[in-house]
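Understanding the architecture of this molecule
Now for the letters of each chain:
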Amino acid sequence: MNGNRSDLGLQTPIGQTFHDAENGFGGFGSFIYNATPRDQLRLVTSLRRDYYQIPYDPNDPTSSDLRDANSEADAYAIFSWVRTINANTLLTVSPFYHYNSANYKSAPNDFPVSTTDERATHYGGAQATLSANFARNDIQAGVYGFGQRDREVFGAIFNDQSNPNFTDVENTSGGLVEAFVDDKFTVTSWLTLSAGVRQSHFTGGITENATSPRFGAALRIPHLNWVFRAFYGDFYQAPPLLTASGPLLQFANNSNTTFVPLRGEHDEEHQFGLTIPFRGWALDADTFQTRARNFFDHNNVGESNIFFPVTIDGALIQAWELTLRSPRIWNRGHVHLAYSNQVAEARGAITGGLICSPPASPSCQPAPGYAPLDHDQRNTLTAGFEMSLPWRAFASSNVYYGSGFTNGSPNQFYPGHYLPGHTTFDVSLGKSFRERYSISVTALNVANRRVLLDNSLTFGGFHYNDPREIYAEFRWRFHY
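Summary of the structure given here. None of the values given here were measured: they were computed from a predicted structure.

1. Section: the overall build of the protein chain
Summing up its helical and strand segments, the protein chain has one helix and 24 strands in all. C-alpha atoms of the protein chain, sized along the principal axes, occupy 75 × 50 × 50 Å. A burial count over the protein chain gives 36% of its 480 residues as buried. Nonlocal contacts in the protein chain, meaning residues at least 24 apart in sequence, comprise 59% of its contacts between residues at least 6 apart. As presented, the protein chain carries roughly 26,800 Å² of accessible surface, and 59% of it is formed by carbon and sulfur atoms. Across the protein chain, 35 positive and 45 negative side-chain charges occur, with their mean positions spaced 13 Å apart.

Dropping the structure here:
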């Protein structure tokens, strides 16, 4: 079982922590029963409930007396039958049930709009997988599917009298069925090939079928032990079940928007990588590119806090990454470094969900070419160490640098296309006593630098990073 309470919950829209309390509790259970030497039964259950205050700027006159809050609940139960057919073949059958809810509520006097968005979702399904090893093949084949039912309540009170108040209830259902097969074939000790395919069938507001092949190879150069790898794959992500009708659709139409069914996202990815070991050091470099169709994003309805998923015509994500890890230095510890350069851009019109209306009007035409996505941050770097000290003490540290996300609202303070870069420093010190006890002290964002991470009009918009946090930990390992 677990429980928590804090005055620092969500990232704040200002540099101070205000109206940001959170609390939660939950439990987890795992039960295993060996029915026969070849049959094992497993049951995994989990339950959690969380509550968050929604932080705001108390100096904004339009935000006075806001008391918005969000509560969430999640529960699931997964039962598995694991059958050992022989030494090389394993069958696993896992039916499951999952419940999830999220409820956003505003105070009735919020200005200009008091918003209610309550959602409850039930899932029921199963997965069956057959795994086998033979003749240098490692094969997995199986089926996966679930049915889903959503109930969502949208409500808005327009305290600025800009629109009539409304409450709308939407009930939707759908499902996903997939079949898949994957094989990893060891050609020689220095060459491994992999291939697979997944067939998906989705039913909901629309019906879609997708075939997703994948291919990969890893080549190790003898003596040098350099490893080259390459991968190509297609991926399909089913759309969320969401629709709009009645007063909600009318409100969207009054805001020059309308709702069309969401389609699934299709991603095409290729990547290449190289791992170079040298005297205990490990250098890894890779590059990848992902092209997406019907890329998932979010947009809000008018001036309300009702956000709808949308799909954008296309997106392109390109990156190269470099990581370096040392061997054990002076028999004390390791150092590590990771760098990433990534460009995330999108193009074209919104193709599903909450779209501009009428689509043919000049104001609904997208800008030509690609433009940065909300969370496009070109450069990130982390570096640090983990070290063992005398008298069974230990220490670790990490430095993180980010070049700044896309500037969603340029102004006199942030005039550029990107927000300023930011650096944070974390450190941890601890000591073990005998075999069962240890204590440690950790400080995050030691310099207490508060910077604006994101000011885009999305779920993640207008967020500052967390302030300095210092906490102590005591661990006691029970004997069992």
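2. A short note on the layout of surface pockets
Its volume calculated, the second largest pocket comes out at about 870 Å³. Lining the second largest pocket we find 33 residues, and of these D297, N299, I312, G348 and I350 sit closest to its centre. When contributions to the lining of the second largest pocket are tallied by element, the ones reaching two or more residues are β14 (281-300), β15 (307-325), β16 (333-356) and β17 (371-372). For the lining of the second largest pocket, the per-class residue count stands at 17 nonpolar, 13 polar and three charged.

3. Description of the packing of aromatic side chains
Counting across every chain of the model gives nine aromatic pairs. A centroid spacing of 6.4 Å and a plane angle of 35° characterise the contact between F231 and F235, whose relative ring orientation is tilted. Owing to a relative accessible area of 25%, F231 belongs among the partly exposed residues under this scheme. Both rings, one in Y437 and one in F474, keep their centres 6.3 Å apart while their planes meet at 20°; by these two values the pair is stacked. Pair noted here: Y437 is in strand β21 (residues 437-444) and F474 is in strand β24 (residues 469-476), with a separation of 37 residues, a long-range link. The exposure class assigned to Y437 is partly exposed, which follows from its relative accessible area of 31%. Residue classification places F474 among the exposed residues on the basis of a relative accessible area of 53%.

4. Quick look at the nonpolar core
Ranked by internal contacts, the top residues of the largest apolar core, which has 15 residues, are F158, F166, L242, L248 and F308. Among the elements of the structure, β7 (137-158), α1 (246-254) and β15 are those that each provide at least two residues to this core. Of all hydrophobic cores here, the second largest spans 10 residues; its members include F288, A292, A315 and I317.

5. Observations regarding the pattern of salt bridges
Counted under the stated rule, the structure contains 13 salt bridges. Between D284 and R229 there is a salt bridge, with the nearest N and O atoms lying 3.0 Å from each other. Taken together, the residues span a long stretch of sequence, with D284 in strand β14 and R229 in strand β11 (residues 227-237) at a distance of 55 residues. On the basis of relative accessibility, which here comes to 17%, the residue D284 falls in the buried class. Notably, a salt bridge pairs R378 with D376, separated by 2.6 Å at the nearest N-O pair. Residue R378 is classed as partly exposed on the basis of its relative accessible area, which comes to 25%. D376 sits in the buried class, given a relative accessible area of 0%. One network of salt bridges, in which partners are shared, links R48, D50 and E72.

6. Brief notes about a nonpolar patch on the surface
Taken together, F278, W281, L283, L324, V335, L337, L381 and Y401 make up a surface patch of nonpolar side chains, about 630 Å² in accessible area. Breaking the nonpolar patch down by element, the ones donating at least two residues are β14 and β16. Tracing the backbone through its elements, the reader meets V335 in strand β16.

7. Details of the environment of Y414
Following the sequence through the fold, Y414 ends up in the loop between β19 (393-402) and β20 (422-433). Taking the C-alpha atoms as reference points, Y414 and L452, 38 residues apart in sequence, are found 9.8 Å from one another. For Y414, the residues in contact, after removing those within four places along its chain, are N407, L419, P420, L452 and Y464.

8. Observations concerning unusual backbone geometry
With phi around 45°, A135 is a residue other than glycine that occupies positive phi space. Mapped onto the fold, A135 is located in the loop between β6 (113-134) and β7. One non-glycine residue, R279, lies in the positive phi region at around 50°. As for its position among the elements, R279 is in the loop between β13 (265-278) and β14.

9. So, the pairing of strand β9 (residues 191-203)
Looking at chain direction, strand β8 (residues 166-188) and β9 are connected through 13 bridges and run antiparallel. Along β9, the bridge assignment pairs T188 with L191. Where β9 lies against strand β10 (residues 207-220), 13 bridges are found, and the strand directions are antiparallel. Bridge assignment links G196 to a residue of β10, and that residue is R214. Taken together, β9 and the strand that follows it, β10, pair antiparallel across an intervening segment of three residues.

10. What about the environment of E269?
If you trace the backbone, E269 turns up in strand β13. When residues no more than four places from it in sequence are discounted, the contact partners of E269 are F231, Y232, G233, F235, Q289 and T290. A distance of 2.6 Å separates polar atoms of two side chains, one belonging to E269 and the other to Q271.

11. Notes on α1
For α1, the set of buried residues is L248, F251 and A252. With its buried residues spanning 100° around the axis, α1 presents them on a single face. As for α1, its buried residues are in contact with β7, β8, β12 (257-260), β15 and β16. Looking at the residues trailing α1, positive phi occurs at N256, about 60°.

What counts, and where the lines are drawn
Residues numbered from 1 in each chain as written. Predicted model: local features only at pLDDT ≥ 70, side-chain atom pairs only at ≥ 80, totals over all residues. Heavy atoms only, no water. Helix = DSSP H or I, 4+ residues; strand = E, 2+ residues; numbered from the N terminus. Buried < 20%, exposed > 50% of the residue type's maximum accessible area, 1.4 Å probe, protein only. Contact = heavy atoms within 4.5 Å. Areas by Shrake-Rupley, 256 points an atom, 1.4 Å probe, with all protein chains shown as cover. Lys, Arg positive; Asp, Glu negative; His and termini not counted. Charge placed at Lys NZ, Arg CZ, Asp CG, Glu CD. 1 Å grid on protein atoms, 1.4 Å probe; cavity = no way out; pocket = protein on both sides within 12 Å on 5 of 7 lines; lining within 4 Å. Points joined across faces, edges and corners; volume = space filled by probe spheres on them. Nonpolar A, V, L, I, M, F, W, Y, C, P; charged D, E, K, R; others polar. Phe/Tyr/Trp six-rings, centres within 6.5 Å; stacked < 30°, edge-to-face > 60°. Core = buried A, V, L, I, M, F, W, Y, C linked by side-chain atoms within 4.5 Å. Salt bridge = Lys/Arg side-chain N within 4 Å of Asp/Glu carboxyl O. Patch = residues over 30% accessible without salt bridge, like charges linked within 9 Å, V, L, I, M, F, W, Y side chains within 5 Å. Pairing = 2+ DSSP bridges. Polar contact = N/O pair within 3.5 Å; in protein donor to acceptor, adjacent residues only side chain to side chain. Arc of directions from axis to C-beta.

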